[in-house]
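Notes for the structure review
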Amino acid sequence: MDIAKDLALIDALCARDFPAEHSGCHTAWLGPGDWPDASDCYAYEAAVVARLTERWGEPSRWGTVTLEVRIARGEVIPEPWATLTALAVDVHTWIEPVSRRHVTLAVADHEEGNQPQLWVAVTESDPP
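Residues numbered from 1 in each chain as written. Predicted model: local features only at pLDDT ≥ 70, side-chain atom pairs only at ≥ 80, totals over all residues. Heavy atoms only, no water.

Bringing the side chain of Q117 into the picture now. Along the chain, Q117 turns up in strand β5 (residues 117–123). Of the polar contacts made by the side chain of Q117, one reaches the side chain of Q115; its length is 3.4 Å. Setting aside its immediate chain neighbours within four residues, Q117 contacts W29, P32, G33, W35, C41, A106, V107 and A108. (Helix = DSSP H or I, 4+ residues; strand = E, 2+ residues; numbered from the N terminus. Polar contact = N/O pair within 3.5 Å; in protein donor to acceptor, adjacent residues only side chain to side chain. Contact = heavy atoms within 4.5 Å.)

Moving on to the nonpolar core. Ranked by size, the top nonpolar core spans 21 residues in total, and within it I10, V48, L52, V103, L105, L118 and V120 carry the most contacts. Contributing elements (two or more residues each) for this core: α1 (3–15), β1 (25–30), α2 (38–56), β4 (102–108) and β5. Element by element, the count of residues in this core is highest for α2, at 6 residues. L52 has contacts with L7, I10, G57, W94 and L105, leaving out every residue within four places of it along the chain. (Core = buried A, V, L, I, M, F, W, Y, C linked by side-chain atoms within 4.5 Å. Buried < 20%, exposed > 50% of the residue type's maximum accessible area, 1.4 Å probe, protein only.)

Counted under the stated rule, the structure contains 3 aromatic pairs. With 5.3 Å between their ring centres and 55° between their planes, W35 and Y44 make a pair best called tilted. Note on W35: relative accessible area 3%, which makes it buried. (Phe/Tyr/Trp six-rings, centres within 6.5 Å; stacked < 30°, edge-to-face > 60°.)

With that settled, the discussion passes to the side chain of T93. Tracing the backbone shows T93 in strand β3 (residues 90–95). Only 3.5 Å separates the side chain of T93 from the side chain of W62, close enough to count as a polar contact. Among the polar contacts listed, one links the side chain of T93 to the side chain of T104, at a separation of 2.9 Å.

Further remarks concern the environment of A50. Structurally, the position occupied by A50 is in helix α2. A50 sits 19 residues away from V69 along the chain, and the two C-alpha atoms are 30 Å apart.

Right, let's get into unusual backbone geometry. A cis amide bond links E79 to the next residue, P80, at an omega of 5°. Along the chain, the position of P80 falls in the loop between α3 (65–72) and α4 (81–87). Here R100, not a glycine, exhibits a phi torsion of approximately 65°, which is positive. Among the secondary structure elements, R100 is positioned in the loop between β3 and β4.

The following block contains the structure:
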């Protein structure tokens, strides 16, 4: 686990152009691919959240339940927010001050039985 490498990856995603054919977001998995224990993923998330909060201030923190309801009613939710809703229950979002892009961290733990994974999305689109 290397927080410095993951923070550098987040910085790179904030600076990288979005391909024309892409949905206007970059996503990546953070941390190791296989956590020794599920609690390690949440601890790592807390450490990354702490570092980003030091940089950019307090994040917006919200749950995805409302988006789940909207999707269930047939509303089309743009990416990365639709994928985020499928993966996670709780998210942290900052606006990176230089690029003005939304940086959202979430632990993909929505499906029981699967090991949680830390996910980051960088996008110019506002949360719906």
